Amino acid sequence: MIQSEPANNLFLKACRREEVDRTPVWFMRQAGRYLPEYRAIRAKADFLTLCKTPDLAAEVTVQPVDLIGVDAAIIFSDILVVPEAMGMQLVVEEGKGGPRFPSPVRSKSDIDKLSVQNACSSLGYVFDAIRLARKRLNNKVPLIGFAGAPWTIASYMVEGRNPRDFRHIKELIYSNPHEAHALLDKLSTVVTSYLSAQIEAGAQAIQIFDTWGGVLGQEEFEEFSLRYIHRIISSVKRNNAPIIVFCKNCGHSLEKIANSGADVVGLDWTTDIGKAREMVGSFVALQGNLDPTILFSTPERIESGVKTVLKKFGKGNGHIFNLGHGILPETPVENVKTFVNAVKKFSTAFH
Ligand code: CP3
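Analysis parameters
- Residues numbered from 1 in each chain as written.
- Predicted model: local features only at pLDDT ≥ 70, side-chain atom pairs only at ≥ 80, totals over all residues.
- Heavy atoms only, no water.
- 1 Å grid on protein atoms, 1.4 Å probe; cavity = no way out; pocket = protein on both sides within 12 Å on 5 of 7 lines; lining within 4 Å.
- Points joined across faces, edges and corners; volume = space filled by probe spheres on them.
- Helix = DSSP H or I, 4+ residues; strand = E, 2+ residues; numbered from the N terminus.
- Nonpolar A, V, L, I, M, F, W, Y, C, P; charged D, E, K, R; others polar.
- Contact = heavy atoms within 4.5 Å.
- Polar contact = N/O pair within 3.5 Å; in protein donor to acceptor, adjacent residues only side chain to side chain.
- Buried < 20%, exposed > 50% of the residue type's maximum accessible area, 1.4 Å probe, protein only.
- Pairing = 2+ DSSP bridges.
- Right-handed = clockwise from strand over helix to strand, strands pointing away.
- Phe/Tyr/Trp six-rings, centres within 6.5 Å; stacked < 30°, edge-to-face > 60°.
- Lys NZ or Arg CZ within 6 Å of the ring centre and 35° of its normal.
- Axes fitted to C-alpha atoms, helices over the stretch in contact; angles between N-to-C directions.
- Parallel < 35°, antiparallel > 145°, perpendicular 65-115°, else oblique.
- Left-handed = near helix turned anticlockwise from the far one by under 90°.

Okay, empty space enclosed by the protein next. All chains considered together, the criterion is met by two cavities of 30 Å³ or more. Around the largest cavity, the lining residues are C247, C250, G251, L254, I257, V265, G266, L267, D268 and T271. Elements supplying a minimum of two residues to the lining of the largest cavity: α12 (254–258) and β5 (264–266). Of the residues contributing to the lining of the largest cavity, the split by class is six nonpolar, three polar and one charged. In this model, the second largest cavity occupies a volume close to 30 Å³. Along its surface, the second largest cavity is lined by T23, L310, F313, G314, G316, H319, F350 and H351. Classifying every residue of the lining of the second largest cavity gives three nonpolar, five polar and no charged.

Looking at the secondary structure, you find N162 in the loop between α8 (150–159) and α9 (167–175). The spatial distance from the C-alpha of N162 to the C-alpha of P99 is 7.3 Å, given a sequence separation of 63 residues. Discounting chain neighbours no more than four positions away, the residues touching N162 are G97, P99, Y156 and W212. Looking at N162, its side chain comes within polar contact range of the side chain of Y156, at 2.8 Å.

Residues three or four positions apart in an α-helix share a direction because the helix packs 3.6 residues into each turn. For α8, the tally of buried residues reaches 10 of 10 residues, placing the bulk of the element in the interior. Among all positions of α8, only P150, W151, T152, I153, A154, S155, Y156, M157, V158 and E159 are buried. In the core, the buried residues of α8 are packed alongside α5 (81–85), β2 (143–148), α9, α10 (177–201), β3 (205–210) and α11 (218–235). G160 sits one or two positions beyond α8 and adopts a positive phi of about 90°.

Of all the six residues making up β3, six are buried; the element is thus mostly covered by neighbouring parts of the structure. Residues of β3 alternate between two faces, with A205, Q207 and F209 on one and I206, I208 and D210 on the opposite face, all of them buried. Note: β2 against β3, five bridges, orientation parallel. The residue of β3 that forms the bridge with I144 is A205. Of the strand pairs in this sheet, β3 and strand β4 (residues 243–247) are connected by five bridges, and their pairing is parallel. Bridging across to β4, F209 finds its partner in F246. Remark: the β3/α11/β4 crossover connection has right-handed handedness.

The next point concerns the packing of aromatic side chains. The geometry of an aromatic ring pair is captured by two quantities: the separation of the ring centres and the angle between the planes. Under the criterion given, the structure shown has nine aromatic pairs. Three or more aromatic residues joined by ring pairs make a cluster, and in this case those are F27, Y34, F321 and F339. The aromatic ring of F313 is capped on one face by R277, whose charged end is 4.1 Å from the ring centroid.

Another point: the layout of surface pockets. Empty space within the largest pocket amounts to approximately 1200 Å³. Around the largest pocket sit 42 residues that line it, and R29, R33, F47, D78 and P99 are the ones nearest its centre. Within the lining of the largest pocket, the residues separate by chemical class into 22 nonpolar, 11 polar and nine charged.

Mapped onto the secondary structure, G288 falls in strand β6 (residues 285–290). Separated by 184 residues in sequence, G288 and P104 place their C-alpha atoms 33 Å apart. G288 has contacts with L267, I273, V309, H319, I320, F321 and N322, leaving out every residue within four places of it along the chain.

Bringing the packing of helix α13 (residues 273–280) against helix α14 (residues 299–313) into the picture now. Across the interface, α13 lies against α14 with an axial gap of 7 Å and an inter-helix angle of 25°. It follows from the interaxial angle that α13 and α14 lie roughly parallel. Considering how the two elements wind past one another, α13 and α14 form a crossing that is right-handed. Each of I273, G274 and R277 in α13 lies in contact with α14, whose residues at this interface are V309, K312 and F313. Within the contact of α13 with α14, the residues separate by chemical class into three nonpolar, one polar and two charged.

Moving on, we come to the sheet that holds β4. The parallel open sheet is built from seven strands, whose spatial order is β1-β2-β3-β4-β5-β6-β7. Each edge of the sheet is formed by a strand with only one pairing partner; in this case those strands are β1 (73–74) and β7 (319–323). With respect to the sheet, α10 is in contact with β2 and β3, its orientation differing from that of β2 by roughly 170°.

Structure follows, in structure tokens:
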């Protein structure tokens, strides 16, 4: 395992709420279709081939560090490679509404069939990509690994595609909670080993994405999502790697999320980062939370949006600047650079 600290250590320091000169910045879907350099590689390889070819995955992971100047890299992969490794067929077709599972999980026997023991050995390409990306980053900035939260992964497995009304997964939790827990339990076991193996391969921080936590009521969120996030955090082999938990639209449960054992809590733009800091900023760092759609506006509007977030967080340590969700594919690259430069420029005033 590579142990040395990166030259640009702002991101890891901010995760630990240590003193920094300015707020570090990175964002979700950092390597993606808004970048012509990413599209050039995607023209030669489909999305899953890109994920499964460590050399290409490492290359696109590093692109935004060189091109945009972010303070951390996130390994190029997808949360849905986990159910594929557990035995489901995953299909990603061009222009057909994103990834899907043609045979979704709909019965107890579908859940029973999912493999737990061998899942991580099918994900060797992710660990290889992490090792290669670490080499290519050469300790310039830290590398983040990630996984989906069990609830979010299960939503895709049961719905079979990008969920809209969550009819099937919610039917499962309300009509058959025992089976829902059996599925979430299997996923937690796999995600725990998967994240531990990413850290072992060289990931220096870990993010857990709960994109769909916010579609549940507060009690259900605790029972079917947060409980499993908590379990993963308490059993993952961390080796000092900070853990970031991002639950979209879950401002209602901020304190409970901050008590999950996470070092950093990610916020979407619907939560006021100043109020969040008042509530939980004394025991976790905060990540967020500019609305990614602001990046379609003018440089002036982007700069004022960045300033507002910085002002709301206020002076002090423990802030990682991020978008409140993934960057959208058609975002103009110039505006992305304006955003990252604005964080670097204006945040010095807050430290
Ligand atoms: O953030 C990064 O740069 C790392 C790479 C990353 C991807 N997906 C690449 C990707 C990460 C961290 C993810 C996580 C992911 N994947 C989540 C959780 C975070 C979130 O955004 O809410 C979810 C829900 C998924 C599932 C998924 N994968 C969807 C819904 C889609 C379709 C999105 C779209 O806009 O078409 C994907 C495909 C995907 N994953 C793309 C990328 C860059 C687009 C693929 C392409 O090049 O065509």
